[in-house]
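# Remarks on the overall topology
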Amino acid sequence: MKTKLLCRLLLATSVTTTATLALADTTVKIGQVSPLTGELAHIGKDDENGVRLAIEDLNSRKLRIGGQQVTFVLDSQDDAADPKTAVTVAQKLVDDQVAGVVGHANSGTSIPASTIYGNAGIPMITESATNPLLTQRGLKNVFRMVANDVRQGSVMGSYMVHDLKASKVVIVDDRTAYGQGLADEIEKSVKSDGGTVVGREFGSDKTTNWMAILTSIKSRRPDGIAFTGGDTQAAAFVQQMRRLGLNVKFIAGDEACTPQFIKLAGSTMTSDVYCTLAGVPPSQMPQGTAFFNRFEKRFNAPVQLYAPYAYDAVMTIAAAMQAADSTDPKVYLAKLQSVKTDGVTGPIQFDTAGDIRNGAITVRQFVKGEWTDKSVVRK
């Protein structure tokens, strides 16, 4: 009799334990990498907060994947916009067993880091790295949320020649993978659209004194200048350009298309200053207004640049996990390659290389203290 009672107790305990395990949470780590220190820290923090907001929203939904309720946690790393550091933190995220990565923010960091994730079979979605090489190496784990620099450079060059009537153009880059790659595409576009590139100059992603380069540029009498570098460098460039009396059309790439550029350049900003954004403006994002308002309320800071795309990257990873009914990166990767979902920024679907389909480029102009959207060019 005692033996039968003991067996019943053990059976009941086993059933209870099994039921408890079925209801238990599973913790899923999402990696995020961006420059959280240095001159691009404000952009990196913007991306990190986009990821953080997405994770908070997902956890509020109490998703069940693979029979368990999933709790997402953020594993955020600082690559300081440095390629060597990027490789180190990428390996750390692999060792941390993250299920997916949002980042890296820069092309120069995303390209070497993507190999680390590829070897580990971990998907990565960059919210903002635009160098075409990132998705041209055949890695099946790499995805991009915005149009690449072939598209952005084409729009910038064409806009300078046709819309800004700048037939003689000087191009200046910061020698990063992003800056030099985008500058090369602008040069192709200016020439193919009938303009002339009268000079190529470069500094670095830390250059603040552009006077020698600007003096050389002034002697070439350009109609316009295209600048591909960060917002801190762009602001210093514009300030010194005005000091030399060089009043020509100026257009910068997306890394300078921020409120920070306006703040740093101050009174030297004029309506001759333009920038491009690899994406659509808030007004054309299906959930843009609500997201921007909610973001600012949550973090007490406005969106700088690509936070909405970082947010959508997390949501896309979660959508692929749900479609696969698994949080295992090797299982849900196949669904990520074919996923179709609607995000804050619009419809999300990747092509066979991992690039976003129908990526747009927005041209902005400085008007009355802020960036004003002039046109949106879609594929």
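The paragraphs below set out a description of the structure included in this document. (Residues numbered from 1 in each chain as written. Predicted model: local features only at pLDDT ≥ 70, side-chain atom pairs only at ≥ 80, totals over all residues. Heavy atoms only, no water.)

### Here's the deal with the nonpolar core
How we decide: In this description, a nonpolar core means a group of buried Ala, Val, Leu, Ile, Met, Phe, Trp, Tyr and Cys residues linked to one another through side-chain atoms lying within 4.5 Å. Exposure is judged per residue with a 1.4 Å probe applied to protein chains only, and the accessible area is read against the type maximum: over 50% gives exposed, under 20% gives buried, and values in between give partly exposed. We count a stretch as a helix when DSSP gives it H or I for four or more residues in a row; a strand needs E for two or more, and each element gets its number in order from the N terminus. The split of the chain into domains comes from an automatic or database domain assignment. Residue contacts are counted whenever heavy atoms from the two residues lie within 4.5 Å of one another.
In terms of nonpolar packing, the biggest core is built from 99 residues, with Phe72, Ile225, Phe237, Phe250 and Phe261 touching the most fellow members. The element that contributes the greatest number of residues to this core is helix H11 (residues 307-324), accounting for 12 residues. Two domains share this core, each providing at least three of its residues, namely domain 1 (26-147 + 283-358) and domain 2 (149-277). Contacts of Phe250, omitting those with residues within four sequence positions, involve Ile225, Phe227, Phe237, Val238, Met241, Phe261, Asp272, Val273 and Tyr274. Counting 17 residues, the second-largest nonpolar core is a separate cluster that includes Ala86, Leu93, Val101 and Met124.

### Examining the packing of aromatic side chains
Threshold: Stacked, tilted and edge-to-face are the three classes assigned to paired rings of Phe, Tyr and Trp, where Trp is represented by its six-membered ring and a pair needs centres within 6.5 Å; plane angles under 30 degrees give stacked, over 60 edge-to-face, the rest tilted.
Across all of its chains, the model carries 15 aromatic pairs by this definition. Ring geometry for Phe261 versus Trp371: centroids 5.8 Å apart, planes at 50°, classification tilted. With Phe261 in helix H9 (residues 259-265) and Trp371 in strand S15 (residues 370-378), this pair connects stretches of sequence that are 110 residues apart. Through a chain of ring-to-ring contacts, the aromatic side chains of Trp210, Phe227, Phe237, Phe250, Phe261, Phe366 and Trp371 assemble into a single cluster.

### Considering empty space enclosed by the protein
Put simply, the rule is: A 1.4 Å probe that fits but cannot get out identifies a cavity on a 1 Å grid over protein atoms alone, an open set with protein on both sides within 12 Å along at least five of seven lines counts as a pocket, and a residue lines either if it has an atom within 4 Å of a point. Grid points are joined across faces, edges and corners, and a volume is the space filled by probe spheres set on the points. Think of it as three bins: nonpolar holds Ala, Val, Leu, Ile, Met, Phe, Trp, Tyr, Cys and Pro, charged holds Asp, Glu, Lys and Arg, and polar takes everything else, Gly as well.
Here the structure, examined in full by the defined rule, presents one cavity of 30 Å³ or more. Counted as a void, the largest cavity has a volume near 120 Å³. Class assignment for the residues of the lining of the largest cavity results in eight nonpolar, three polar and two charged. Shared between two domains, the lining of the largest cavity takes at least three residues from each, and those domains are domain 1 (26-147 + 283-358) and domain 2 (149-277).

### Details of the pairing of strand S8 (residues 196-202)
Successive residues of a regular strand alternate their side chains across the two faces of the sheet. We apply this condition: Pairing between two strands is assigned when DSSP locates at least 2 bridges connecting them. Handedness of a crossover: with both strands directed away from the viewer, a clockwise path from the first strand across the helix to the second marks it as right-handed.
Where strand S7 (residues 168-173) and S8 come together, six bridges link them in parallel fashion. Along S8, the bridge assignment pairs Val169 with Val197. In this fold, the crossover linking S7 to S8 by way of helix H6 (residues 177-192) has right-handed handedness.

### Digging into the sheet that holds S8
Rules: Between N-to-C directions, angles span 0 to 180 degrees; the directions come from axes that are lines fitted to C-alpha atoms, helices contributing only their stretch in contact.
Pairing in this open sheet of seven strands is mixed, and the strands run S8-S7-S9-S10-S11-S14-S15 from one edge to the other. The open sheet has two edge strands, S8 and S15, and neither has a second partner. The mean inter-strand angle of the sheet, taken between neighbouring strand axes irrespective of direction, is 20°. Bridge count between strand S14 (residues 360-367) and S15: eight bridges; the pairing is antiparallel. Across the sheet, residue Ala360 finds its bridge partner in S15, namely Arg378. Lying over the sheet, helix H8 (residues 231-243) contacts S7, strand S9 (224-228), strand S10 (249-252) and strand S11 (273-277), oriented at roughly 155° with respect to S9.

### Details of the pattern of salt bridges
Counted only if it meets this: One speaks of a salt bridge when a side-chain nitrogen belonging to Lys or Arg is within 4 Å of a carboxyl oxygen belonging to Asp or Glu.
Under the definition given, this model contains 16 salt bridges. Asp355 is the salt-bridge partner of Arg144, the closest N and O atoms lying 2.7 Å from each other. Of this pair, Arg144 sits in strand S6 (residues 142-144) while Asp355 sits in the loop between strand S13 (347-348) and S14; the two residues are 211 residues apart in sequence, bridging distant segments of the chain. Arg144 sits in the buried class, given a relative accessible area of 0%. Between Lys249 and Asp272 there is a salt bridge, with its nearest N and O atoms 3.2 Å apart. Within this pair, whereas Lys249 is found in strand S10, its partner Asp272 is found in the loop between H9 and S11, the two being separated by 23 residues in sequence.

### Quick notes on the sheet that holds S6
Strands sit in the order S2-S3-S1-S4-S5-S6 across an open sheet of six strands; the sheet is mixed. This sheet does not close on itself; its edge strands, each paired only once, are strand S2 (64-65) and S6. Note that strand S4 (residues 100-102) and strand S5 (residues 124-126) share two bridges and pair parallel. Within S5, the position partnered with Val102 by the bridge is Ile125.

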